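Listed here are the chains, written in short residue letters.
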Amino acid sequence: MTAERSAQRTVRLMAIGTSAGLFSGLFGVGGGSVIVPLLVLWLSYGEREATATSLAAIVFIAGFAATVQGLYGNVDVGYAALIGVPAVGGVLLGTWLAQRLRTRSIALLFALVLMASAVELVLR
Amino acid sequence: MTIALIAIGVAAGVLAGLLGVGGGVLFVPGLVIVVGLGQHQAEATSLLAIIPVAIVGTWRQDRYGNVRRRDALLLGLLSVVGAAAGVALANALSGRVLRDAFAALMVGIAAQLVRKTLREQAPGAIAEKPASGRG
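Residues numbered from 1 in each chain as written. Chains lettered and ligands numbered in written order. Predicted model: local features only at pLDDT ≥ 70, side-chain atom pairs only at ≥ 80, totals over all residues.

1. Side note on the overall build of chain B
Scanning chain B from terminus to terminus reveals six helices and zero strands. N-terminal to C-terminal, the α/β element order of chain B is α-α-α-α-α-α. Every one of the 135 residues in chain B was classed for burial, and the buried ones make up 55%. Contacts in chain B between residues at least 24 apart in sequence constitute 68% of all its contacts with a sequence separation of at least 6. (Helix = DSSP H or I, 4+ residues; strand = E, 2+ residues; numbered from the N terminus. Buried ≥ 20, exposed ≤ 12 C-beta atoms within 10 Å, placed from the backbone. Contact = placed C-beta atoms within 7 Å.)

2. What about the overall build of chain A?
The secondary structure content of chain A amounts to five helices and zero strands. Starting at the N terminus and walking to the C terminus, you meet the elements of chain A as α-α-α-α-α. For chain A, whose C-alpha radius of gyration is 17 Å, the value lies well above the compact-globule estimate of 14 Å for 124 residues. Structurally, chain A occupies a C-alpha span of about 50 × 45 × 30 Å along its principal axes. (Rg over C-alpha atoms; globule rule 2.2 N^0.38 Å.)

3. Side note on the interface of chain B and chain A
Where interface size is given, it is often the accessible area lost as the parts come together that is meant. The interface of chain B with chain A comprises 97 residues on the first partner and 83 residues on the second. Broken down by element, the side of chain B that touches chain A gets its largest block of residues, 21 residues, from helix H3 (residues 39-63) of chain B. Split into classes, the residues belonging to the side of chain B that touches chain A amount to 60 nonpolar, 27 polar and ten charged. (Nonpolar A, V, L, I, M, F, W, Y, C, P; charged D, E, K, R; others polar.)

4. Digging into the domain arrangement of chain A
On domain assignment, one finds that chain A holds domain 1 (1-75) and domain 2 (77-124). In this structure, domain 1 of chain A and domain 2 of chain A have C-alpha centres spaced 21 Å apart. (Domains from an automatic or database assignment.)

5. What to know about the environment of Ser33(A)
All names here are of chain A. On the secondary structure map, Ser 33 appears in helix H2 (residues 32-43). A residue is classified by how many C-beta atoms lie within 10 Å of it, and Ser 33, with 25 of them, is buried. Between the C-alpha atom of Ser 33 and that of Ala 65, which follows or precedes it by 32 residues, the distance is 16 Å.

6. Section: the confidence of the model for chain B
Residue and element names in this part refer to chain B. For chain B, mean pLDDT is 89; residues scoring 70 or higher make up 89% of the total. Counting contacts from residues 124-128, a segment whose pLDDT is below 50, to residues more than four positions away or on other chains yields five contacts. Interface predicted TM-score (ipTM) for the complex: 0.92; the corresponding pTM is 0.89. (pLDDT = per-residue confidence, 0-100.)

7. Some points on the confidence of the model for chain A
Per-residue confidence for chain A gives a mean pLDDT of 93, with 100% of residues at or over 70. Taken element by element, chain A is modelled with least confidence in helix H5 (residues 104-123) of chain A, mean pLDDT 91, and with most confidence in helix H3 (residues 47-71) of chain A, mean pLDDT 95.

8. Section: the packing of helix H4 (residues 77-98) of chain A against helix H1 (residues 2-19) of chain B
Interhelical geometry of H4(A) versus H1(B) gives an angle of 35° and a closest axis separation of 6 Å. Both H4(A) and H1(B) take part in a crossing whose hand is right-handed. For the contact of H4(A) with H1(B), the class distribution of residues is 21 nonpolar, nine polar and no charged. (Axes fitted to C-alpha atoms, helices over the stretch in contact; angles between N-to-C directions. Left-handed = near helix turned anticlockwise from the far one by under 90°.)

9. Remarks on helix H2 (residues 24-35) of chain B
Compared with the 16 Å implied by 1.5 Å per residue over twelve residues, the 15 Å span of H2(B) between its first and last C-alpha is a close match. When H2(B) is considered as a whole, its buried residues turn out to be Gly24(B), Val25(B), Leu26(B), Phe27(B), Val28(B), Pro29(B), Gly30(B), Leu31(B) and Val32(B). On its buried side, H2(B) packs onto H4 and H5 of chain A together with H1, H3 and helix H6 (95-119) of chain B. Among the residues trailing H2(B), Gly36(B) stands out with phi positive, at a value near 85°. (Expected span 1.5 Å × (residues − 1).)

10. Re unusual backbone geometry
A positive phi angle, near 55°, is found at Ser44(A), a position not held by glycine. Its place among the elements puts Ser44(A) in the loop between H2 and H3.

This is the structure:
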């Protein structure tokens, strides 16, 4: 890779990282929705590598954002454990299932659930 | 409430592993609706909960050789300024505004998921799908 291409690559990674950080800090999510499409679009990643690399980056990104939120006194460790530890089990189950299930209807159903929850959230 | 939280945690994890849509997008409304946390606290708590899920997901994906480690590290390190700014911005907004913005995010992610699903080829046996890359 030429030096110029390498520099361009780093600049793009910086843009993606900063945007994802902003997203993560602002919304309390991992930032994958920003990272994955941009890795595919700007750095010619395959979908699989993009998602996997995004996950790894999220460890750091959510870590930083959680720390800063902790400084504001907003983090509840108890609830985080109560929801996070079962989620780890869920992820292992989910990836196992992904090998065996057709996810099309599940994805569409989940999208519906998300929209319903959004409405519920706003009505609170 | 405890059972509801655990159930939401499991569901969020399963969906993340199954669909590649992150847990955070379910953690936050779960904490607000079930526990009654404020939007700021829910988001902050969600961030902490995401960490172990992302670690385990990454570990699994790494075994399949899908993780580009150097890029992931760069992304993480280069996110610091954005993350600090994002948190500061979140805390500058009222809970109401932040909550409405988050609801809009959920709809956006739902739309993104639908587009992606409808674009995909006819489903058959699915090769190893990465977990929780989004959200």
